[in-house]
Amino acid sequence: MRVTVCRNAHFNAAHRLHRKDWTNEQNQLVFDKCNNPNFHGHNYELIVEVTGTVNPETGYVIDIKELSNLIYEEVEVPFDHKNLNLDVPEFKELNPTAEHIAYVIWHKLRKRLPLKLDLEIILYETPRNFVKYCGL
C-alpha cells in the first residue's frame, strides 16, 4: 500500500527578482514590481508531500514528527524572516523566483529523506500563485 503523507509549513521572506547580467530597464520590464530595489515580501505556504509504502510494523510512511522537524531545520530556520537574496546562500547567484525556491527546498529535503520515498513540493507565493516541483 502506497500512501502520500502531507505536511504544511509557513515562512515569511523578502526577495527581489533581478538578473545582474541584465540592464535595469530589462529587469524592470520582465520582473516589474518584483524588481523593487528595496525588495518585497511574501507569506509563503509550503506543502511537502512524501509518498511511499506503509511500514507494516509502524503503520507509517514517515513519522510526521520527523518530517516536521526536517522542514523546520531545512526550510523554516534558514528562510523565515530572511531576505532570500542577501541571507540565504543558495540565492546568492540564483534568482529567487517561486520556481527556484521550490527547487532549492526540494533538494534540501531530498538529501535527508530515504530514496525509497517520493517527494513533491507545492509552494504558494500568494493564495492564487503557486508552483509544484517533484524533481523531474
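Residues numbered from 1 in each chain as written. Predicted model: local features only at pLDDT ≥ 70, side-chain atom pairs only at ≥ 80, totals over all residues. Heavy atoms only, no water.

## Notes on the packing of aromatic side chains
What describes a pair of aromatic rings is the distance from one ring centre to the other and the angle between the planes of the rings. Inspection of every chain in the model, using the stated rule, returns seven aromatic pairs. Considering the side-chain rings of Phe11 and Tyr44, the 4.8 Å spacing of their centres and the 20° angle between planes classify their relative orientation as stacked. Residue Phe11 is located in strand β1 (residues 2-15), and its partner Tyr44 is located in strand β2 (residues 40-53); the two are separated by 33 residues in the primary sequence. Three or more aromatic residues joined by ring pairs form one cluster here, namely Phe11, Tyr44, Phe79 and Phe91. (Phe/Tyr/Trp six-rings, centres within 6.5 Å; stacked < 30°, edge-to-face > 60°. Helix = DSSP H or I, 4+ residues; strand = E, 2+ residues; numbered from the N terminus.)

## Considerations on the environment of Arg7
Along the chain, the position of Arg7 falls in strand β1. Considered as a pair, Arg7 and Lys65 are 58 residues apart in the sequence and their alpha carbons are 9.7 Å apart. Polar side-chain contacts of Arg7 include one of 3.1 Å to the side chain of Ser68. (Polar contact = N/O pair within 3.5 Å; in protein donor to acceptor, adjacent residues only side chain to side chain.)

## Here we look at the layout of surface pockets
A volume near 290 Å³ is recorded for the largest pocket. Together, 14 residues line the largest pocket, and His18, Lys20, Asn85, Phe91 and Lys92 are the ones closest to its centre. Taken together, the residues of the lining of the largest pocket sort by class into five nonpolar, four polar and five charged. Roughly 150 Å³ of internal volume is contained in the second largest pocket. Val61, Ile62, Asp63, Glu66, Leu67, Leu70, Arg112, Leu113, Pro114, Lys116 and Leu117 together form the lining of the second largest pocket. (1 Å grid on protein atoms, 1.4 Å probe; cavity = no way out; pocket = protein on both sides within 12 Å on 5 of 7 lines; lining within 4 Å. Points joined across faces, edges and corners; volume = space filled by probe spheres on them. Nonpolar A, V, L, I, M, F, W, Y, C, P; charged D, E, K, R; others polar.)

## Quick look at the environment of Gly135
The residue Gly135 is located in the segment after β5 (130-133) in this model. We classify Gly135 as partly exposed; its relative accessible area is 29%. The spatial distance from the C-alpha of Gly135 to the C-alpha of Lys116 is 14 Å, given a sequence separation of 19 residues. (Buried < 20%, exposed > 50% of the residue type's maximum accessible area, 1.4 Å probe, protein only.)

## Details of the pairing of β5
Here β5 shows a clear split, with Val131 and Tyr133 buried on one side and none of Phe130 and Lys132 buried on the other. Inspection of the sheet shows strand β4 (residues 118-124) paired to β5 by four bridges, in the antiparallel sense. Across the sheet, Tyr124 pairs through a bridge with Phe130, a residue of β5. The loop that links β4 with its antiparallel partner β5 comprises five residues. (Pairing = 2+ DSSP bridges.)

Remember, this is a structural readout, not a statement about activity or role.
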